[in-house]
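Topology and contacts: notes
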Amino acid sequence: MSPDDADRSARIDRVLASYELLMHRIASSHAPDLMEVGVTMSQAKVLYLVAAGQGMRMSELAARLGVSISTMSGLVDRLVDHELLARHDDPADRRQVVVTMTATGSGHLERFRELNAARMRRLLARLGDAELDIVEEATRLLAAAADDELPMTGPRSGPRQVQGSTLPGDHS
């Protein structure tokens, strides 16, 4: 590895470490809200994946989370019991089970999104204008890179408008 490659790799590692610290702090700030709903972090991951995919086969969920079908079945069972997800036979292949969000599940995810947005808004408000410009450009670049690299599992609904500005890459 050349010195330039090593420096770039080290910079990426620092960005990832900062990002993980930020996400940990944000996630831990709504741990009480997750507990109130009765959802574990693993179950929350399932909810986010199902919502992003606008429904998903059980086998695909298990593969994406790197768990067995039986483990995924247990996670989904608990979410179905809480009326956050629904199970359906796949009309294209009756041997497959498709999992979709319920209205209750969608409502809980929207509450989590609102909590994240409120927390981020408070953090961003603490930054000066020049710092905010840097964060705005960085998130725009990351959203564009994600659009280029990551496949969309559901149809794109386009960017969402929030208080007069478009959030690139936000397809919720």
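Residues numbered from 1 in each chain as written. Predicted model: local features only at pLDDT ≥ 70, side-chain atom pairs only at ≥ 80, totals over all residues. Heavy atoms only, no water.

**Quick word on the pattern of salt bridges**
- Using the criterion set out here, one finds seven salt bridges in the structure.
- Close ionic contact of Arg-94 with Asp-89 constitutes a salt bridge, the shortest N to O distance being 3.5 Å.
- Arg-94 gets classed as exposed once you look at its relative accessible area, which sits at 64%.
- Measuring nitrogen to oxygen at the nearest pair gives 3.0 Å for the salt bridge that ties Arg-95 to Asp-93.
- Here Asp-93 falls in the buried class, since its relative accessible area comes to 17%. (Salt bridge = Lys/Arg side-chain N within 4 Å of Asp/Glu carboxyl O. Buried < 20%, exposed > 50% of the residue type's maximum accessible area, 1.4 Å probe, protein only.)

**As for the nonpolar core**
- In this structure, Val-46, Leu-47, Leu-61, Met-72, Val-76 and Leu-85 are the most contacted members of the largest nonpolar core, which totals 19 residues.
- If you list the elements that add at least two residues to this core, you get α3 (41-53), α4 (58-65), α5 (69-81), β3 (93-101) and α6 (103-125).
- Filtering out sequence-adjacent residues up to four positions away, Val-76 remains in contact with Val-46, Met-58, Leu-61, Leu-85, Arg-87 and Val-99. (Core = buried A, V, L, I, M, F, W, Y, C linked by side-chain atoms within 4.5 Å. Helix = DSSP H or I, 4+ residues; strand = E, 2+ residues; numbered from the N terminus. Contact = heavy atoms within 4.5 Å.)

**Thoughts on the pairing of β3**
- Pairing of strand β1 (residues 56-57) with β3, which is carried by two bridges, proceeds in the antiparallel orientation. For Met-56, the partnering residue across the bridge sits in β3 and is Val-99.
- Summarising the sheet, strand β2 (residues 85-90) and β3 pair through six bridges and their orientation is antiparallel. By the bridge assignment for β3, Leu-85 is matched with Met-101. (Pairing = 2+ DSSP bridges.)

**A few points about the sheet that holds β2**
- Taken in spatial order, the three strands of this open sheet run β1-β3-β2, and their pairing is antiparallel. What marks the edges here is a single partner per strand, and that holds for β1 and β2.
- Sheet strands touched by α5: β2 and β3. Its angle to β2, the strand with the most contacts, is close to 120 degrees. (Axes fitted to C-alpha atoms, helices over the stretch in contact; angles between N-to-C directions.)

**Structural notes on the packing of α4 against α5**
- In the contact formed by α4 and α5, the axes pass within 9 Å of each other and the chain directions differ by 105 degrees. Classified by the angle between their axes, α4 and α5 sit roughly perpendicular to one another. In this structure, α4 uses Met-58, Ser-59, Leu-61, Ala-62 and Leu-65 to contact α5, whose residues at the interface are Ile-69, Met-72, Ser-73 and Val-76. (Parallel < 35°, antiparallel > 145°, perpendicular 65-115°, else oblique.)

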